[in-house]
Amino acid sequence: MEDEDKVYAANQEEQPLKSDEPPETIPTYRVYKRRWFILFLVALLAYSSQLLWLSFSPAATVVAEYYNVSDKSINLFSMMYLFLSLPMGFVATYLLDTYGLRPSILLGAWVTAIGSIVRSISVLPFIPTAWSFPMVCSGQVICAMVYPIFISCPPKVSEKWFSSNQRAFATMVASCGFGFFIGNTMPPIIIQNRGVPFLLIVYSIPPVLGALMATFCMCSSAPPTPPSPSAAVQMQPYWTGLKQVVKNRSFLIYVAIMGISGGLYNTFNVIAEEMLCTQGYTPTFIGLALGLQSGIGFIGAILVSLFVDRTKLFEESLKFTQAMASVMSILMFVASFIPNMESVILISIILCGIFSSATYPVCLELAVETSYPVAQGTSVGLLLISMHMQGLIFTFLLESLGRPMTSYQRVNQKCTVHSDSHAGPGSSMLSLLYLAEDNASEPQDMTVAIMVYSGLLCFQVIALMLCFKTNYKRLNAEKLLHAEGDPSVNAEGFQNNEVT
């Protein structure tokens, strides 16, 4: 309704509009209160997908015993999201840029809900034990197929629904790792107290709720009146934009460099337990540390997104936060080699989370700025495909660098549950497990993998500092559109100074 709308004049967003035209011809841009509901819905669906992705990673060894499979099978369960993000990432970008937000989100929401229900059914009593793990993997595949929709759409939501001084904040809310916070913290606790079946059933509730909300409450892909000049521009068709970005040298460098950063982050979330448990740190502690990394890191994301909305210093902010996140990550790994360094690990991983969480929304917005007027789904989708592809490569690489544990690590490792501790009144969780230790693989010493991981972090930061430089194409276009006072100009016509 009109009385619920907040009116933003374009000349109030940036600078006074210099025009000889009558006031009634000056374009007016509006933001609608329901944009916050759209943002909440997209965030809920994204967080739900993150939960489903990391269902078993923080308690991989315990879940492996429950399903009577190896630790590597549980890692592959989590890596399905990375595998399928490569081909399905192109499908997601095509859907978003061709059919719009609402149809894409509806499809993604219902497919995710169905996949989560299949996962839950797999642990019901009437399902044969031999079918349980293949069935939960099938549900995971279904969920993973549409995950790229939710991680590619935040910049499109902020572009279509939010004014230029709120875009980075909106992208942050829809893309931050709050789902990773819950996904890393809760599984060890829930499994220990209620078991794997209860975890899967609880995790199916948010995606089902999100699907219902998307169906009955999201009525359109965009508001009636655009919130900013760039939102009023007709973006390039999918195939035209795809051809343009592969010719954009700055964008290709950016995708390659930030793909390393995102790939390493994804890899760490998958194999963090393997990296740290042989050093004497329990899965519960590791899950808590990863959860705090994402949860408290949300503070950094808020502060930096508000900062770049005001200053538009995307590139400078990205380079600073990326460098600090890498330093804190390396500090955490160094501390992990020393026994009983939980406090140092927690502090360093929290600081790493603050800077890395601040990096991500700025990273997405800068991808749009570098590739404009290519549609947001295309540019961001290619960036995320690069992250997931490199995440797969790094995961296999680091897994291959595992070596047999030293005698010290065999005594102090916290990766496996030993059979002599299964009895007793304190084993409520273990009574739920299928205790077939002969089917479980021995944990590996990941010291070399940690060293390679740290080296890749250093290389990525140096490459970002030295090799990446760009112009803010969208911001420059908006300034020109303000000056021209015409929000209806076609994107290609704008590039050629022609109205088409």
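Scroll up to find the structure.
Residues numbered from 1 in each chain as written. Predicted model: local features only at pLDDT ≥ 70, side-chain atom pairs only at ≥ 80, totals over all residues. Heavy atoms only, no water.

**Q** Before we move on, can you summarise helix α16 (residues 297-311) with the specific residues and values?
**A** In an α-helix, one turn spans 3.6 residues, which is why side chains three or four residues apart end up on the same side. Compared with an ideal rise of 1.5 Å per residue, which puts 15 residues at 21 Å, α16 spans 21 Å between its outermost C-alpha atoms and is within 8% of the ideal. Buried within α16 are the following residues: Gly297, Gly300, Ala301, Val304, Ser305, Val308 and Asp309. For α16, the arc enclosing every buried residue in end-on projection is 155 degrees, short of the 170-degree limit, so these residues lie on one face. Structural note: α16 exposes Leu303 and Arg310 on the side pointing more than 90 degrees away from its buried face. (Helix = DSSP H or I, 4+ residues; strand = E, 2+ residues; numbered from the N terminus. Expected span 1.5 Å × (residues − 1). Buried < 20%, exposed > 50% of the residue type's maximum accessible area, 1.4 Å probe, protein only. Arc of directions from axis to C-beta.)

**Q** An account of the nonpolar core is needed here, citing residue identities and associated values.
**A** In terms of nonpolar packing, the biggest core is built from 94 residues, with Phe56, Tyr67, Tyr254, Phe268, Met275 and Leu383 touching the most fellow members. Among the elements that line this core, the one with the most residues is helix α14 (residues 249-277), at 14 residues. Listed in part, the 34 residues of the second largest apolar core include Ile38, Val42, Phe150 and Met218. (Core = buried A, V, L, I, M, F, W, Y, C linked by side-chain atoms within 4.5 Å.)

**Q** Break down the side chain of Lys156 for me, with residues and values.
**A** Within the fold, Lys156 resides in helix α7 (residues 154-161). Judged by its relative accessible area of 7%, Lys156 is buried. Within the structure, the side chain of Lys156 is placed 3.1 Å from the side chain of Asp97, a separation counted as a polar contact. Contacts of Lys156, omitting those with residues within four sequence positions, involve Leu96, Asp97, Leu101, Ala375 and Gln376. (Polar contact = N/O pair within 3.5 Å; in protein donor to acceptor, adjacent residues only side chain to side chain. Contact = heavy atoms within 4.5 Å.)

**Q** Explain the packing of aromatic side chains to me, and be specific about the residues and the numbers.
**A** One pass over the full model with this rule turns up 17 aromatic pairs. Where Phe56 meets Tyr67, the ring centres are 5.9 Å apart and the plane angle is 50 degrees; that geometry is what we call tilted. Of this pair, Phe56 sits in the loop between α2 (35-53) and α3 (60-67) while Tyr67 sits in helix α3, and the two are 11 residues apart along the sequence. Using a relative accessible area of 0% as the deciding quantity, one classes Phe56 as buried. Residue Tyr67 is classed as buried on the basis of its relative accessible area of 8%. Ring plane angle 25 degrees and centroid distance 4.6 Å describe the contact between Phe56 and Phe77, whose orientation is recorded as stacked. Taken together, the positions of Phe56 in the loop between α2 and α3 and Phe77 in helix α4 (residues 71-99) put the pair 21 residues apart, joining distant regions of the chain. With relative accessibility at 0%, the residue Phe77 sits in the buried group. Through a chain of ring-to-ring contacts, three or more aromatic side chains come together here, namely Phe56, Tyr66, Tyr67, Phe77 and Phe133. (Phe/Tyr/Trp six-rings, centres within 6.5 Å; stacked < 30°, edge-to-face > 60°.)

**Q** Just give me the short version of a nonpolar patch on the surface, but keep the residues and values in it.
**A** There is a patch of nonpolar side chains on the surface, built from Leu76, Phe83 and Phe396 and spanning about 260 Å² of accessible area. Residue position: Phe83 is located in helix α4. Accessibility expressed as a relative area gives 34% for Phe83, which makes it partly exposed. (Patch = residues over 30% accessible without salt bridge, like charges linked within 9 Å, V, L, I, M, F, W, Y side chains within 5 Å. Areas by Shrake-Rupley, 256 points an atom, 1.4 Å probe, with all protein chains shown as cover. Salt bridge = Lys/Arg side-chain N within 4 Å of Asp/Glu carboxyl O.)

**Q** Which residues make up unusual backbone geometry, and what values do they have?
**A** Cis geometry marks the peptide bond from Tyr372 to Pro373, where omega comes out at 10 degrees. The residue Pro373 is located in the loop between α18 (342-371) and α19 (376-400) in this model. Located in the positive-phi region is Lys312, a residue other than glycine, with phi close to 60 degrees. Relative to the elements of secondary structure, Lys312 occurs in the loop between α16 and α17 (314-336). The exposure class of Lys312 is buried, given its relative accessible area of 17%.

Purely geometric numbers; function is a separate question.
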